[in-house]
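# Overview (structure and organization)
The primary structure of each chain is shown beneath.
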Amino acid sequence: MTGSTAASFTADDYRARMERAARTAAEAGLAGLLVAPGPDLVWLTGYTPPAVTERLTLLVLAAGQDPVLVVPALEAPDAQKAAGAPALTLRDWTDGKDPYAATAALLDASGRFGISDNAWALHLLALQQAVPGSSYTSLTEALPMLRAVKDAAELELMTAAGAAADATFEKIRNVPFAGRREAEVAADLDRLLRRYGHEQVDFTIVASGPNGANPHHEAGDRVIERGDMVVLDFGGLKDGYGSDTSRTVHVGEPTDEERRVHDTVREAQEAGFRAVRPGAACQDVDRAARAVIADAGYGEYFIHRTGHGIGVTTHEPPYMIEGEERPLVPGMCFSVEPGIYLPGRFGVRIEDIVTVTEDGGRRLNTTSRELVIVE
Ligand code: ZN
Ligand code: ZN
Ligand code: ZN
């Protein structure tokens with residue numbers, strides 16, 4: 001999370017986002033949205049508090065009402081500097097005063113509100129007490145698609161983040177792997193992502209040999225050996241927008257089986273990508289990728305969903321998963337990342353961020369998806 005998106009968007013952009021959010025909430029039967037510091041607040045206002053503490057900071061959005069940011073008085077000067085501040089009314093409160101009573105005065109006393117998933121229970125419990133007739137639901141569950149469709153300026157930032165991740169891969173494929181610990185290669189990935197403009201690195205997975213069979217393996221002390229498959233999966237935020245890409249490399253010459261598994265994942269990734277078009281369901285992307293892996297006999301070894309949305313965070317709705325019937329809409333950005341995980345042996349995952357266009361999908365990661373041999 002960073003304030004650096006401030007340069008990219010104006011108060012008018014944030015005003016439009018807040019109006020749309022309030023309208024969408026009303027359409028969903030909500031009296032309003034209560035937005036805590038985090039990705040929703042950044043996206044709606046450009047504001048990131050200097051530190052998240054027990055002091056209440058909360059954006060109150062309701063259709064037909066001016067957006068109000070309840071903010072501790074000592075942080076009000078920071079809030080004033082946010083790019084979205086001109087579109088907001090700031091309601092500051094000083095220590096010793098009750099911020100929940102002040103917030104309650106802004107709320108429909110019997111309303112149902114969508115509240116940020118990451119809001120502290122401390123704040124929600126106090127609000128429930130201050131407004132006994134109110135009720136609450138998860139903002140993400142109520143409005144899962146709020147941030148899903150990116151506008152042209154956001155797509156430019158997503159494209160740049162993808163290019164920075166690709167530049168990182170082009171460098172990392174040329175560093176030595178054999179004889180080094182996973183953690184050392186992971187440190188290289190972190191340094192490269194930052195060199196190419198990331199202000200935040202969310203993950204640098206280096207999963208070698210048998211560790212590759214665990215999709216959640218990060219990076220550890222294992223020394224990479226010749227003959228290892230190595231899953232690389234890395235990303236973070238560049239100028240406030242996310243990157244996330246995976247490539248699987250092999251140290252030295254692979255076996256026929258390793259090639260076959262890698263080819264299968266590459267074909268599955270291609271099939272998932274080709275399923276992307278406006279109007280297709282999210283689950284169609286998952287089904288297309290999964291069918292290739294199942295046909296090759298590895299169905300039971302593809303143990304996660306095919307993809308997730310990405311934007312001001314690196315994991316968010318929409319999810320490319322069986323049962324998700326929402327349609328793809330131009331401007332959505334998400335990963336297509338099938339994998340095969342053979343316990344005790346090795347894993348393969350290939351991941352690109354894809355955006356939906358009128359004509360189909362466009363990849364935001366364009367490095368080779370062929371099996372890359374490293375030293
Ligand atoms: Zn091998
Ligand atoms: Zn990833
Ligand atoms: Zn991903």
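Conventions and cut-offs
Residues numbered from 1 in each chain as written. Chains lettered and ligands numbered in written order. Predicted model: local features only at pLDDT ≥ 70, side-chain atom pairs only at ≥ 80, totals over all residues. Heavy atoms only, no water. UniProt positions renumbered as here; feature names shortened; annotations may be inferred. Helix = DSSP H or I, 4+ residues; strand = E, 2+ residues; numbered from the N terminus. Pairing = 2+ DSSP bridges. Axes fitted to C-alpha atoms, helices over the stretch in contact; angles between N-to-C directions. Contact = heavy atoms within 4.5 Å. Donors = N, O, S within 2.8 Å, 3.2 Å for Na, K, Ca; no water. Buried < 20%, exposed > 50% of the residue type's maximum accessible area, 1.4 Å probe, protein only. Patch = residues over 30% accessible without salt bridge, like charges linked within 9 Å, V, L, I, M, F, W, Y side chains within 5 Å. Areas by Shrake-Rupley, 256 points an atom, 1.4 Å probe, with all protein chains shown as cover. Salt bridge = Lys/Arg side-chain N within 4 Å of Asp/Glu carboxyl O. Domains from an automatic or database assignment. Buried area = accessible area lost by both parts, 1.4 Å probe. Nonpolar A, V, L, I, M, F, W, Y, C, P; charged D, E, K, R; others polar.

An unreviewed UniProt entry lists the protein chain under the name Aminopeptidase P family protein, from Streptomyces coeruleorubidus.

### Describing the UniProt feature "domain: Creatinase N-terminal" (unreviewed entry) in the protein chain
This chain's UniProt record puts "domain: Creatinase N-terminal" (unreviewed entry) on residues 17–149. Along residues 17–149 one finds 32% helix and 20% strand; the C-alpha atoms at either end are 11 Å apart.

### Concerning the sheet that holds strand E2 (residues 58–61)
Read from one edge to the other, the open sheet built from six strands follows the order E4-E3-E2-E1-E5-E6, with strand pairing classed as mixed. Bordering the open sheet on either side are strand E4 (89–93) and strand E6 (135–138), each of which pairs with just one other strand. Looking at each pair of strands side by side, their axes are set apart by 25° on average, direction ignored. One ladder, built from three bridges, connects strand E1 (residues 32–35) with E2; its direction is antiparallel. Its bridge partner lying in E2, leucine 33 is registered against leucine 61. This element, helix H5 (residues 121–130), spans E1, E2, strand E5 (112–115) and E6 of the sheet and lies at about 150° to E6.

### Observations concerning the coordination of the zinc ion (ligand 1)
Taken together, the protein ligands of the zinc ion (ligand 1) are Gly227 (O), His250 (NE2), Glu258 (OE) and Glu258 (OE), with distances of 2.0 to 2.4 Å. Taken in sequence order, the residues that donate to the zinc ion (ligand 1) follow the motif G-x22-H-x7-E. Of this pair, glycine 227 sits in the loop between strand E7 (198–208) and strand E8 (229–238) while histidine 250 sits in strand E10 (residues 245–251); the two residues are 23 residues apart in sequence, bridging distant segments of the chain. For glycine 227, a relative accessible area of 38% gives the class partly exposed. By relative accessible area, which is 0% here, histidine 250 ends up buried.

### Digging into the coordination of the zinc ion (ligand 2)
All of the protein donors around the zinc ion (ligand 2) are Asp233 (OD), Asp233 (OD), Asp244 (OD) and Glu351 (OE); their distances to the metal are 2.0 to 2.5 Å. As a motif over one chain, the donors of the zinc ion (ligand 2) read D-x10-D-x106-E. Separating the zinc ion (ligand 2) from the zinc ion (ligand 3) is a distance of 3.0 Å, and aspartate 244 supplies a donor atom to each of them. Of this pair, aspartate 244 sits in the loop between strand E9 (241–242) and E10 while glutamate 351 is found in the loop between strand E15 (346–349) and strand E16 (352–357), placing the two residues 107 residues apart along the sequence. Residue classification places glutamate 351 among the buried residues on the basis of a relative accessible area of 0%.

### Looking at the UniProt feature "domain: Peptidase M24" (unreviewed entry) in the protein chain
In the numbering used here, UniProt assigns the feature "domain: Peptidase M24" (unreviewed entry) to residues 156–358. With 32% helix and 28% strand, residues 156–358 has end C-alpha atoms that lie 17 Å from one another.

### Observations regarding a nonpolar patch on the surface
A cluster of nonpolar side chains, namely Val52, Trp120 and Leu122, defines an oily patch on the protein surface of about 280 Å² accessible area. Within the secondary structure layout, tryptophan 120 lies in the loop between E5 and H5. The class of tryptophan 120 is partly exposed, set by a relative accessible area of 37%.

### Quick look at the domain arrangement of the protein chain
Annotation of the protein chain at the domain level lists domain 1 (4–142) and domain 2 (152–374). The C-alpha-based centres of domain 1 and domain 2 are spaced at 34 Å. When domain 1 packs against domain 2, close to 650 Å² is buried across both sides, 71% of that on carbon and sulfur atoms. Between domain 1 and domain 2 we count one salt bridge in total. In this structure, arginine 17 engages glutamate 154 in a salt bridge whose closest nitrogen and oxygen atoms are separated by 3.6 Å. Split into classes, the residues belonging to the side of domain 1 that touches domain 2 amount to three nonpolar, four polar and one charged.

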